[in-house]
Amino acid sequence: MKRTYADLHLCPDLANGEQVLRMVNKASKLEYRLVAITVPPNFAETNVKGLLNVCKEAKMDLATRVDLKPRTPEELLKALRRFRREFEIVAVTCESKDVARQAAKDRRVDLLDFSPFDFRRRFFDLAEAELASNGLACLEIDMKPLLILEGPSRIRLLSSLRRETAIARKFGVPVVMSSGASDERLMRKPQELAALANLFDLGQKAALDAVSGNPMLIMKRNREKLSPRFVAPGIRVVRRGKDC
Amino acid sequence: MLKRAKRRYLALEIGCEEPIDSGELMNAVWNAVMKLYGEYGASQAGLSMIDYDPDKRRLVIRTAHTAVEMVRTALASITRIGNKAVAIHVLAVSGTIKALYKKIKP
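All of these numbers come straight from a predicted model, not from anything done at the bench. (Residues numbered from 1 in each chain as written. Chains lettered and ligands numbered in written order. Predicted model: local features only at pLDDT ≥ 70, side-chain atom pairs only at ≥ 80, totals over all residues. Heavy atoms only, no water.)

**Regarding the overall build of chain A**
- Along its length, chain A carries 10 helices and nine strands.
- In terms of overall dimensions, chain A is globule-like: its C-alpha atoms have a radius of gyration of 18 Å, near the 18 Å expected for 244 residues.
- A principal-axis box enclosing the C-alpha atoms of chain A has dimensions of 65 × 40 × 40 Å.
- Expressed as a percentage of contacts within chain A between residues at least 6 apart in sequence, the contacts between residues at least 24 apart total 74%.
- About 12,100 Å² of surface is accessible on chain A, with carbon and sulfur atoms providing 52% of the total. (Helix = DSSP H or I, 4+ residues; strand = E, 2+ residues; numbered from the N terminus. Rg over C-alpha atoms; globule rule 2.2 N^0.38 Å. Contact = heavy atoms within 4.5 Å. Areas by Shrake-Rupley, 256 points an atom, 1.4 Å probe, with all protein chains shown as cover.)

Okay, structure coming up:
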């Protein structure tokens, strides 16, 4: 069966409409069918509609994504209560261990992000993976740092990614690979992202799942939850009216 | 008996607005392979340029069939050639040049 590819992390400059258009068109050319664009939490609904129109013209599916950077677990819970129902993808950049643990066990978090530059702040260890395996959070790997870093920093990043993907595999935590691109030159085809995953021993099938199956599953689950028919997992409104 | 070396041909699309000559391009490919896999890895790749069309920005290279994934990874890691921002995408991979051109024919 033909795979459907998704890039869940595009970060264009939203003030630059031309760049947004270029990046969406490039994603379409690179055979992606769904892109998630990071928007600020206070992004106006009319602007989201503008993004939707841009994607519609390029025959792409758009998902709205918010990146939360809480400093404490309490801040994370507050942000999740406020924004979970407004965005299709919620990613948490874990800047402390407490936040990482809270994000991993919270079923409202879709993606766990860790700093690619500070290796002491990558908290995806065995305990984190165990918590994430009981929740719904996936480990997100952005490819942008792999492309822009060089020398010892890239070597250290590859070593961390190799360890983290091995832990994720052991605990059955899904991995999602995204471009993290802020410029169309940093966007790559899904097969090229999968090839880059060879560098941290992810394996061909797991790498392709990380750019197709896993992100599409998150989107399907979240769209179902955000639909007005959703009541609880497995329960949804089939019909409304007096005769029900 | 020594096994016949199998080869693969890759058609590449060069994403860059400025003109780039073929020498610069092949140097960038070699450097990317060497940076990621070292001289030992690069020696196994058996890279060579077959054709370059600067107007269409298309490059055809040949590599050993065992090194296709390695070359694909190295190509994906190229972001700059000199001071020009570049992205290289693999359009098609094939076992013969004839089949490769058939695949990329518009």
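**So, the packing of aromatic side chains**
Residue and element names in this part refer to chain A.
- Inspection of the entire model under this criterion finds two aromatic pairs over all chains.
- Between Phe-114 and Phe-124, the aromatic rings sit 6.2 Å apart at their centres with planes inclined by 65 degrees, giving edge-to-face as the arrangement. Remark: Phe-124 occurs in the loop between strand E5 (111-113) and helix H5 (126-134) and Phe-114 occurs in the loop between E5 and H5; sequence separation between them is 10 residues.
- Residue classification places Phe-114 among the buried positions, given a relative accessible area of 7%.
- Take Phe-124: its relative accessible area is 0%, and that puts it in the buried class. (Phe/Tyr/Trp six-rings, centres within 6.5 Å; stacked < 30°, edge-to-face > 60°. Buried < 20%, exposed > 50% of the residue type's maximum accessible area, 1.4 Å probe, protein only.)

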